[in-house]
Amino acid sequence: CILYYSHKDVSKLEHLMRDKSLSEREVGGQLIGETVAYSESAVCRRKILLSYFGEPYEPDNCGGKCDNCKNPKEMQEAKATAFLALKAIKALDERFPITYIIPVITGRLNPQIKMYRHEDLPIFGSGKDKDEHYWNSLIRQMLLVGFIKKDIEDYGVLKLTPKGESFLKKPTSFKIALNHVFEDGADEDDDANGGD
């Protein structure tokens, strides 16, 4: 299949949701976030798709059947930052989604963080040397390998799995590929060809 993706469409969908109730906006925002994550991911699309529906896909890739496996991105070591992300999720008592955790790690103060006084935590700003794009790529891939899981019932709150707890106790090598970045206003470059 071919997926046509433009970030402008995401803005339109978010705009259309503004008149919905708070709970509908939160669920809608979560679904939009999942779609964006799928479109921009540099990981095997079959792995992402099956993971979304709760099925593991054991091979590292689909053997070149999707665009990401046909043209793999360079992998980079992320052992230290994966450890930091797990530490942050644990420090926040496993009560927050990715959209809250990333600003805490990068040290971007917002009203919600001020309300919970999380700017006082040692973890606040501990990952400011990496940008939001990096942390988003990392956390999405940590979900795929099973270090963390998303509590769907609770608006996508991130929780550590036994595998994530083991990694925290004894970190090992963990490599990731950074997600694709699609610029607004580009024509042909806006398309992400996903195949499965």
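Residues numbered from 1 in each chain as written. Predicted model: local features only at pLDDT ≥ 70, side-chain atom pairs only at ≥ 80, totals over all residues. Heavy atoms only, no water.

## Brief notes about unusual backbone geometry
Unlike most non-glycine residues, D93 shows phi in positive territory, near 55°. Note on placement: D93 falls in the loop between helix 5 (79-91) and helix 6 (98-106). Unusually for a residue other than glycine, E94 sits at a positive phi of about 50°. (Helix = DSSP H or I, 4+ residues; strand = E, 2+ residues; numbered from the N terminus.)

## Let's talk about the packing of helix 6 against helix 8 (residues 132-145)
Packed helices, taken two at a time, are described by their axes: the angle between them and the distance between them. The contact between helix 6 and helix 8 brings their axes to 10 Å, and the two run at 130°. As far as their axial angle goes, helix 8 and helix 6 are oblique. The interaxial crossing formed by helix 6 with helix 8 has right-handed handedness. Each of I98, I101, I102, I105 and T106 in helix 6 lies in contact with helix 8, whose residues at this interface are E132, W135, N136, I139 and R140. (Axes fitted to C-alpha atoms, helices over the stretch in contact; angles between N-to-C directions. Parallel < 35°, antiparallel > 145°, perpendicular 65-115°, else oblique. Left-handed = near helix turned anticlockwise from the far one by under 90°. Contact = heavy atoms within 4.5 Å.)

## Things to note about the packing of aromatic side chains
Per the counting criterion, the structure on display carries seven aromatic pairs. On the numbers, 4.1 Å between centres and 20° between planes, the contact of F96 with Y100 is stacked. Exposure remark for F96: the relative accessible area of 4% places this residue in the buried category. Aromatic pair Y100 and Y116: ring centres 6.1 Å apart, planes at 90°, arrangement edge-to-face. Placement of Y100 in helix 6 and of Y116 in helix 7 (residues 111-116) is noted, with a sequence separation of 16 residues between them. (Phe/Tyr/Trp six-rings, centres within 6.5 Å; stacked < 30°, edge-to-face > 60°. Buried < 20%, exposed > 50% of the residue type's maximum accessible area, 1.4 Å probe, protein only.)

So yeah, pure geometry; function would need other evidence.
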